[in-house]
Amino acid sequence: MTMLKIENLHAEVGGREVLKGINLAVNAGEVHAVMGPNGSGKSTLSYVLAGRPGYEVTKGKVIFLGKDLLSLSPEERAATGLFLAFQYPVEIPGVSTTTFLKTALSAVRKQRGEKELAPVEFLKLQKEKMAQLGMDADMLKRGVNVGFSGGEKKRNEALQMAMLAPKLAILDETDSGLDIDALKVVAGGVNALRDKDRAFLVITHYQRLLDYIKPDIVHVLTHGKIQKTGGPELALELENKGYAEFTGDAA
Amino acid sequence: MKFSLQQQAADEATLPWLEDAQKLGEQPAADWVKAMRHTGAEAFSRTGLPTPSWEGWQHTHLRPLTQTRFHYKVEPVKFDINALPSSLLKDAARIVLVNGQYKPELSATPEGVIVMSLMDASVQVEGIEEHLVTVGDLATAPFKALNAAYMHDGAVIIVKDGADITQPLEVLFYNAGDADKAPSLQPRCLYWLGKNSGLTVFERHAGVGAYFTNIYTGIFLESASRLKFYKIEEESAAACHFSYTVLQQQKHSSFEGFSYAAGGRLVRQEYQNLLIDSGISCNVSGVYLLKDQQCHDFTVLTDHFEPDGTSVQHFKGVIDDQARSVFQGKIHVRRVAQKTNGNQLNHALLLSEKAEASFKPELEIYADDVKCSHGAASGQLDQDALFYLQSRGIPATEAKSLLIESFLNGALAEVSFAPAREVYEERIREWLGH
């Protein structure tokens with residue numbers, strides 16, 4: 001089943017065209033990697049899909065689970081089952097992590113027409129998911145991402161993803177700022193969520209992350225377009241040769 | 001010739017405000033009360049209301065006040081008893097003032113606390129005169145002068161030496177407006193805490209319709225006494241509220257004041273905190289939530305006379321629509337007031353393009369061994385944080401509320417009494433519309 005279908009997507013940021021005709025289809029159960037150098041449009045693609053203000057779609061369409069994704073507000077996209085793990089998670093002083101998780105989960109469940117979780121069930125779920133990610137309960141009382149290390153921030157993203165149980169998770173440069181141990185933990189969290197009904201779009205510059213989150217399909221994105229699509233071997237090829245072939249720069 | 005013209009203009013401007021004060025002449029009163037009224041009326045007739053050219057009045061314009069003629073009434077006010085709001089806390093004692101008039105039949109007093117009307121106290125309590133006298137220069141404070149001219153209504157609250165009152169006291173000012181004859185209310189209140197005593201007060205201002213309330217509050221804290229003073233200003237949307245609080249603190253006393261301001265059309269809450277001895281702690285903080293055309297002004301002076309004092313002024317405001325806020329805060333540290341620790345912080349969150357916040361933060365320091373800081377800033381909601389919350393499924397309005405609440409929590413942290421914090425949180429949530 002096609003979960004996400006992107007057709008001829010063009011988008012501008014601050015009047016500059018960054019995405020210049022993206023075509024991409026992701027089926028349920030698949031893990032797609034989108035690889036590209038800096039400035040290729042990787043993060044723009046993830047923000048456009050999540051609905052960030054300031055990222056203007058000028059052409060094309062995106063169908064997600066049969067819905068016109070681009071007509072939905074960011075919160076409706078989340079409720080429909082889209083999740084973006086941020087490259088730079090935002091700090092929100094004064095809002096505790098647990099309040100944030102509870103508010104998000106009940107908002108999403110409400111929009112999905114599901115019953116709100118009883119406080120006991122919520123705490124149980126939170127505890128279970130935190131244990132899987134090796135997180136300290138102390139973090140729940142702190143402001144969202146405030147004073148978190150790079151690793152803690154990414155674990156927090158993985159925790160939110162586990163709690164919200166999306167249909168499609170977009171991981172935007174999840175490996176940036178992580179040491180190898182933190183990377184393994186976060187990747188473990190992602191892999192625990194892999195299932196035939198769920199898909200992943202893993203956006204990364206480096207092959208390293210893909211050693212831990214094994215993709216089914218790899219796309220190369222440069223100059224705002226998908227230049228090549230292949231199997232996992234394409235990632236290894238890029239690791240050896242770099243992006244020069246696709247960027248037009250001499251290696 | 002020129003002089004007499006000016007004089008005439010001043011008379012025309014001040015006369016309506018003082019006219020009703022003559023009615024008080026027919027009432028029995030102590031000579032010193034009569035003298036204070038006279039001094040107040042005289043001072044006011046010389047200045048009239050402040051204009052934008054006055055120091056401290058550049059940003060708060062009085063048009064909502066001056067375009068209505070308000071009437072002072074000395075007779076007991078008629079009101080609908082069912083309209084009184086229910087108590088804030090179920091375990092608190094409550095005293096009620098309606099249109100500034102103390103209503104003993106609606107009031108209950110915690111054990112150890114003496115409450116009486118201002119006029120009763122003026123003849124019954126020994127040494128009350130020096131506690132009821134208007135502090136400061138009337139020539140620069142017309143609202144103080146006006147209140148003095150009408151000295152009659154209000155209440156006196158006294159805690160005896162050594163009495164540690166655990167039951168909170170709610171002091172409700174309920175104001176009933178009148179469409180035909182908008183009332184002018186001029187109550188004067190005194191909180192007088194004896195040595196080593198303690199009290200927790202919720203002072204709440206609420207009402208219906210149009211009225212002008214101009215309150216003078218004296219707070220007198222004797223040595224080592226402790227007052228927690230939680231104000232809730234939720235006046236009617238058409239009301240003008242002016243309050244002048246003069247706090248006089250003796251050695252090792254502590255004052256924890258917090259003010260929630262969300263009501264009224266035009267409001268100015270002015271504090272003059274006089275830390276006249278050493279080792280005093282004084283916290284005057286608050287939150288303000290404004291919308292529509294509201295204008296609110298916090299003007300706070302904290303004056304350190306002696307060493308080892310600690311003072312805080314911590315305010316956070318949220319301003320929507322075309323509302324305007326003014327914050328004028330000053331920490332004054334006199335030459336001998338060494339080891340003073342003074343902190344002032346004011347942040348305003350502007351929710352609309354037409355909302356406005358003005359700040360005048362000041363430190364005036366003459367001692368050389370002090371720690372003082374100030375900061376003031378206004379800004380908008382953090383769009384990145386908003387998107388982050390929305391991307392987790394939280395609807396935009398709820399996400400905004402969450403961010404606003406968390407912003408205000410910064411100031412609410414100054415409130416040490418949990419039930420007070422809950423009262424404020426509930427009101428903030430209500431203001432945010434859920």
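Predicted model only: the values in this text are computed from it and were never measured. (Residues numbered from 1 in each chain as written. Chains lettered and ligands numbered in written order. Predicted model: local features only at pLDDT ≥ 70, side-chain atom pairs only at ≥ 80, totals over all residues. Heavy atoms only, no water.)

What follows is about the packing of aromatic side chains. One pair of aromatic rings is described through two measures. These are the centre distance and the angle between the planes. Applying the stated criterion across every chain yields a total of 24 aromatic pairs over all chains. Taking 4.8 Å as the distance between ring centres and 50° as the angle between the ring planes, the aromatic pair formed by Tyr72(B) and Tyr150(B) counts as tilted. In this pair, Tyr72(B) is assigned in the loop between helix H3 (63-66) and strand E1 (93-98) and Tyr150(B) in the loop between helix H6 (142-149) and strand E4 (154-159), connecting sequence segments 78 residues apart. For the pair shown, Tyr72(B) and Tyr150(B) are each scored as buried. On the numbers, 6.0 Å between centres and 35° between planes, the contact of Phe229(B) with Phe255(B) is tilted. Here Phe255(B) lies in strand E12 (residues 254-261) and Phe229(B) lies in strand E10 (residues 226-234), a separation of 26 residues in the sequence. On the basis of relative accessibility, which here comes to 2%, the residue Phe255(B) falls in the buried class. Put simply, the rings of Tyr47(A), Tyr55(A), Phe86(A), Phe100(A), Phe387(B) and Tyr388(B) touch in pairs and so form one group of aromatic residues. Its guanidinium or amino end placed over the ring of Tyr244(B), Lys144(B) lies 4.3 Å from that ring's centre, counting from NZ or CZ. (Phe/Tyr/Trp six-rings, centres within 6.5 Å; stacked < 30°, edge-to-face > 60°. Helix = DSSP H or I, 4+ residues; strand = E, 2+ residues; numbered from the N terminus. Buried < 20%, exposed > 50% of the residue type's maximum accessible area, 1.4 Å probe, protein only. Lys NZ or Arg CZ within 6 Å of the ring centre and 35° of its normal.)

Many descriptions give the size of an interface as the accessible area lost when the pieces come together. All names here are of chain B. By the assigned domains, chain B splits into domain 1 (16-381) and domain 2 (382-434). Each of domain 1 and domain 2 has a C-alpha centre, and the two are 27 Å apart. Listed per partner, the contact involves 34 residues of domain 1 and 21 residues of domain 2. Of the roughly 2300 Å² buried where domain 1 meets domain 2, counting both sides, 73% is carbon and sulfur surface. Counting every contact that joins domain 1 to domain 2 gives one salt bridge. Arg427 is the partner of Glu234 in a salt bridge, and the nearest nitrogen-oxygen pair spans 2.8 Å. In this assembly, domain 1 and domain 2 are joined by nine residue pairs in polar contact (both at pLDDT 80 or more). Looking at the side of domain 1 that touches domain 2, the elements with two or more residues in it are strand E8 (198-208), E10, E12, strand E14 (281-290), strand E16 (310-319) and strand E18 (341-350). Per-element accounting of the side of domain 1 that touches domain 2 gives the leading share, six residues, to E14. Across the side of domain 1 that touches domain 2, the residue classes tally to 18 nonpolar, nine polar and seven charged. (Domains from an automatic or database assignment. Contact = heavy atoms within 4.5 Å. Buried area = accessible area lost by both parts, 1.4 Å probe. Salt bridge = Lys/Arg side-chain N within 4 Å of Asp/Glu carboxyl O. Polar contact = N/O pair within 3.5 Å; in protein donor to acceptor, adjacent residues only side chain to side chain. Nonpolar A, V, L, I, M, F, W, Y, C, P; charged D, E, K, R; others polar.)

Take the side chain of Gln101(B) next. Residues and elements named next belong to chain B. Summarising the element assignment, Gln101 is placed in strand E2 (residues 101-102). A distance of 3.0 Å separates a polar atom in the side chain of Gln101 from the backbone oxygen of Glu75. Setting aside its immediate chain neighbours within four residues, Gln101 contacts Lys73, Val74, Glu75, Pro76, Val77, Val96 and Asp153.

Our focus in this paragraph is the sheet that holds E2(B). Residues and elements named next belong to chain B. Strand order in this open sheet of ten strands is E2-E1-E5-E8-E10-E12-E14-E16-E18-E20, and the pairing throughout is mixed. Strand pairing shows two members of the sheet lacking a second neighbour, E2 and strand E20 (371-379), which therefore form its edges. Sheet topology places E8 next to E10; nine bridges connect them, and they run parallel. Within E10, the residue paired with Leu199 across the bridge is Leu227. Contacts from helix H8 (residues 396-412) reach E12, E14, E16 and E18 within the one sheet, and its direction differs from that of E16 by about 160°. (Pairing = 2+ DSSP bridges. Axes fitted to C-alpha atoms, helices over the stretch in contact; angles between N-to-C directions.)

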